[in-house]
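# Geometric and topological summary
Take a look at the letters that make up each chain.
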Amino acid sequence: MRTRLVLASATMGAALLIGGAVATAQATPASADISTTTTTAPIAYSWIRVGTYNTHFECYTDGQNSAYSKWQCRPISRGRYELWVDNAS
């Protein structure tokens, strides 16, 4: 089962790389008309990692008690959790 998973992952990765190369090669050229070109600001990432917790309960409690309205407890290795807060909330 593990071998199948590894082979499937490798196949998907290769397909994504090849598909990305083909999509880049087939892209339409950009217009040279500067008057209609608009620029947009880059997306700012506002999520900040607060800390690492041994249990989900500890992470959840700190998230609820934080001053931020948007927060997440994300699982990491060995059953631990990281608390992330949205700085824009």
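Our subject is the structure listed above.
Summarised in this report is the structure supplied together with it. (Residues numbered from 1 in each chain as written. Predicted model: local features only at pLDDT ≥ 70, side-chain atom pairs only at ≥ 80, totals over all residues. Heavy atoms only, no water.)

### Some words on the overall build of the protein
Under the convention used in this document: We count a stretch as a helix when DSSP gives it H or I for four or more residues in a row; a strand needs E for two or more, and each element gets its number in order from the N terminus. Note on exposure labels: buried denotes an accessible area under 20% of the residue type's maximum, exposed denotes more than 50%, and partly exposed covers the range between, all computed with a 1.4 Å probe on protein chains only. Here a residue-residue contact requires only that any non-hydrogen atoms of the pair lie within 4.5 Å. Each accessible area is a Shrake-Rupley estimate made with a 1.4 Å probe; only the visible protein chains count as cover when residues are assessed.
Scanning the protein from terminus to terminus reveals two helices and three strands. Ordered by position in the sequence, the α and β elements of the protein form the string α-β-α-β-β. When the 89 residues of the protein are sorted by exposure, 11% land in the buried category. Taking the contacts inside the protein whose residues are at least 6 apart along the sequence as the reference set, 49% of them involve residues at least 24 apart. In the form shown here, the protein has an accessible surface area of approximately 7,600 Å², with 60% of it arising from carbon and sulfur atoms.

### Section: the sheet that holds strand S3 (residues 81–86)
Our working definition: When DSSP finds at least two bridges between two strands, those strands are taken to pair. Between N-to-C directions, angles cover 0 to 180 degrees, with each direction set by a line fitted to C-alpha atoms, over the stretch in contact for helices.
Across the sheet, three strands lie side by side as S1-S3-S2; this open sheet has antiparallel pairing. At either margin of the open sheet sits one strand with a lone partner, and together these are strand S1 (47–53) and strand S2 (71–75). Ignoring which end each strand starts from, the neighbouring axes of this sheet average 25° apart.

### Focus: unusual backbone geometry
Phi is positive for Arg78, which is not a glycine, with a value near 60°. Along the chain, Arg78 falls in the loop between S2 and S3.

### So, the packing of aromatic side chains
Our working definition: Only rings of Phe, Tyr and Trp enter the pairing, Trp through its six-membered ring, and a pair is recorded when the two centres are within 6.5 Å. The plane angle decides the type: under 30 degrees is stacked, over 60 is edge-to-face, the rest tilted. For a ring to carry a charge above it, either NZ of a lysine or CZ of an arginine must fall within 6 Å of the ring centroid while also lying within 35 degrees of the normal to the ring plane.
This model, assessed by the stated rule, comprises one aromatic pair. Measuring from ring centre to ring centre gives 5.3 Å for Tyr60 and Trp71, while their planes differ by 70°; the resulting arrangement is edge-to-face. With Tyr60 in helix H2 (residues 56–65) and Trp71 in strand S2, this pair connects stretches of sequence that are eleven residues apart. Note on Trp71: relative accessible area 21%, which makes it partly exposed. A cation sits over an aromatic face here: Arg74 above Trp47, 5.7 Å from the ring centre. Sitting above the plane of the Trp84 ring, Arg74 keeps its charged end 4.4 Å from the centroid.

### Let's talk about the pairing of S2
Sheet topology note: the S2/S3 ladder contains five bridges and is antiparallel. The partner of Arg74 across the bridge, within S3, is Glu82. Connecting S2 to the next strand, S3, in antiparallel fashion are five residues, including Arg78 with a positive phi near 60°.

### What about the side chain of Asp86?
Rules: Here the positive residues are Lys and Arg and the negative ones are Asp and Glu; neither His nor the chain ends is included. Between Lys or Arg on one side and Asp or Glu on the other, a salt bridge is scored when a side-chain nitrogen of the former is within 4 Å of a carboxyl oxygen of the latter. Side-chain atoms alone can form a polar contact between residues adjacent in sequence; in general such a contact is a pair of N or O atoms within 3.5 Å, and within protein one must be able to donate a hydrogen while the other accepts it.
Note on placement: Asp86 falls in strand S3. Within the buried set, Asp86 has no salt-bridge partner at all; the shortest N-O distance to an opposite charge, 4.3 Å, is to Lys70. Separated by 3.1 Å, the side chain of Asp86 and the backbone nitrogen of Ala88 make a polar contact. Look past the residues within four positions of Asp86 in its chain and what remains in contact with it is Ser46, Trp47, Tyr68 and Lys70.

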